[in-house]
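Structural overview
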Amino acid sequence: MDGVLLLRSVATAMVRLSEVGDPGTATLPYPDEAQRALNNTVLTCLLLKARPPESLPELVEWAAHRPVDRWPVRLPPDVVPPESLLLDEATRQPTQLCYEWAVDAEDSAARHSEQRYMAIASRRCREEDYPEAYRAFRLLLVRRPVLTHRELTTLPAAVDGDLGSLGDLLYDVYQPAPAGYLDWERRSYTSCARCHTLLHPMAGGALWCEQRRCRDLGTVRRGREYQADDDGGVQLLLRPLRQWVSAPGVLEMRLARQLTGIGADVELWPGFGAYGMRVRCPDGTTLAVDHKDWASPALLGRRAAPPPPDPPYDRCVWVMPAARLRDHPDFRATFERYRSSASPELMTDRELLRTARQLIGTVDPDHRYADTARDGEAMEGLF
Ligand SMILES: [Zn+2]
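Note that the structure is predicted; figures quoted are calculated from it, not measured.

Next up on the list: the side chain of Ser188. Within the fold, Ser188 resides in strand S3 (residues 188-192). Its relative accessible area of 1% is what places Ser188 among the buried residues. Excluding residues within four positions of it along the chain, Ser188 makes contact with Tyr181, Leu182, Asp183, Glu225, Tyr226, Gln227 and Ala228.

Have a look at this one:
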């Protein structure tokens, strides 16, 4: 079997297993996707005369311990970043890369991406000509990936009816927090002080955040603690929405503040979420900007396409965190090799700010390095 098809199949299986419980404790009968992924892997290994996994638990072990570039499959060059895993070793939760592979498969893309929910929100608000509701919904998803059940029921009223008819969509996108996040002794869940999603307890009392950016900052910081049974229980935003709406949203809001600070006119999520932000410079140049923090430059490159032209723009840019280039020096070259469209342009956050300053005509040498120094603080002081 083609290595790309196989990886998509295994990634989809791991995501599916994580939805029904802990991938490490799967029992017979296995979900269809998982059985199919196991069959595909065994067949591929036999064809390549490699030792196959003997069971689904062994395939899960591979996903959690064996970097994908060392699986006995034939893959195009650079299609997986070196040393990357499909499941996090400590928590057995799907990694960001695993989700990227799962949505690369057409038959599972809709199920595992954020698209189906965001498209509903966008369509409803467009029909009602209510952009404020779309924006309020999006802000909620960015700021509050965790809610108590009471907050979930009272929130549409609490935000002054700004969610419009999207209130009932909250019951689809927030689901009871999985038991894997529960501290059984304290009977509580702890959120991350930086990104506000739930932290995963690990052996020895440590806590783990799914956001690479939070882990990069060194120690995980405890945020709000939620008692398991208070206020009707704890609700967690679905993972694809955390990965593709909350996380980029935090970065888009930060960039928007920085761009506004240097004199650009910025609108977040214009055209009912047609793209991440519309940046207008005083000379009239308009940029359509999306934040794309992807683990795999190849999979990101395959999706490269300009956003819808409404509202209109002159140039479109995908912004990646500079930290990705540090971890993965070939990121840009690999992205370029896999892209099929000449746009959008790929820039780091700093390059975008530099480009905006040039367009605005306010290049200030003293500010050139300020963004680097402020990165950590800006992220912590977001809310
Ligand atoms: Zn975090």
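Resuming the write-up.
The zinc ion binds to the protein through Cys192 (SG), Cys195 (SG), Cys209 (SG) and Cys214 (SG), with metal-donor distances spanning 2.3 to 2.4 Å. Taken together, the four donor atoms surrounding the zinc ion define angles of 100 to 119° at the centre, an arrangement classified as tetrahedral. We note that the donor set of the zinc ion lies within a single chain, spaced as C-x2-C-x13-C-x4-C. With a gap of 19 residues between them, Cys195 in the loop between S3 and strand S4 (200-201) and Cys214 in helix H10 (residues 212-216) connect regions that are remote in the sequence. Taken individually, Cys195 and Cys214 each receive the classification buried, so the pair is uniform in this respect.

Another point: the sheet that holds strand S7 (residues 234-237). Strand pairs in the sheet, formed through backbone hydrogen bonds, run parallel or antiparallel to each other. Sheet architecture is open: three strands sit in the order S1-S7-S2, paired in antiparallel fashion. The open sheet has two free edges, formed respectively by strand S1 (146-148) and strand S2 (174-176), since each of these has just one partner strand. Strand-to-strand, the axes of this sheet are offset by a mean angle of 35°, without reference to chain direction. Two elements, S2 and S7, share three bridges in a ladder whose sense is antiparallel. Bridging from a neighbouring strand, Tyr174 pairs with Leu237 of S7.

Let us look at the environment of His149. With respect to the helices and strands, the residue His149 is situated in helix H8 (residues 149-158). Residues contacting His149, with those up to four places away along its chain left out, are Tyr171, Asp231, Gly232, Gly233 and Gln235.

Looking at the chain, pLDDT values average 87 and 90% of them are 70 or higher. Averaged over each element, pLDDT in the chain is lowest for helix H17 (residues 370-380) (41) and highest for strand S9 (residues 277-280) (97). This stretch, residues 367-383, has a pLDDT under 50; its non-local contacts, to residues over four places away or in other chains, come to 25 contacts.

Here is what the cut-offs are and how they apply
Residues numbered from 1 in each chain as written. Predicted model: local features only at pLDDT ≥ 70, side-chain atom pairs only at ≥ 80, totals over all residues. Heavy atoms only, no water. Helix = DSSP H or I, 4+ residues; strand = E, 2+ residues; numbered from the N terminus. Buried < 20%, exposed > 50% of the residue type's maximum accessible area, 1.4 Å probe, protein only. Contact = heavy atoms within 4.5 Å. Donors = N, O, S within 2.8 Å, 3.2 Å for Na, K, Ca; no water. Tetrahedral: all angles 85-135°; square planar, octahedral: opposite > 155°, others 65-115°. Pairing = 2+ DSSP bridges. Axes fitted to C-alpha atoms, helices over the stretch in contact; angles between N-to-C directions. pLDDT = per-residue confidence, 0-100.

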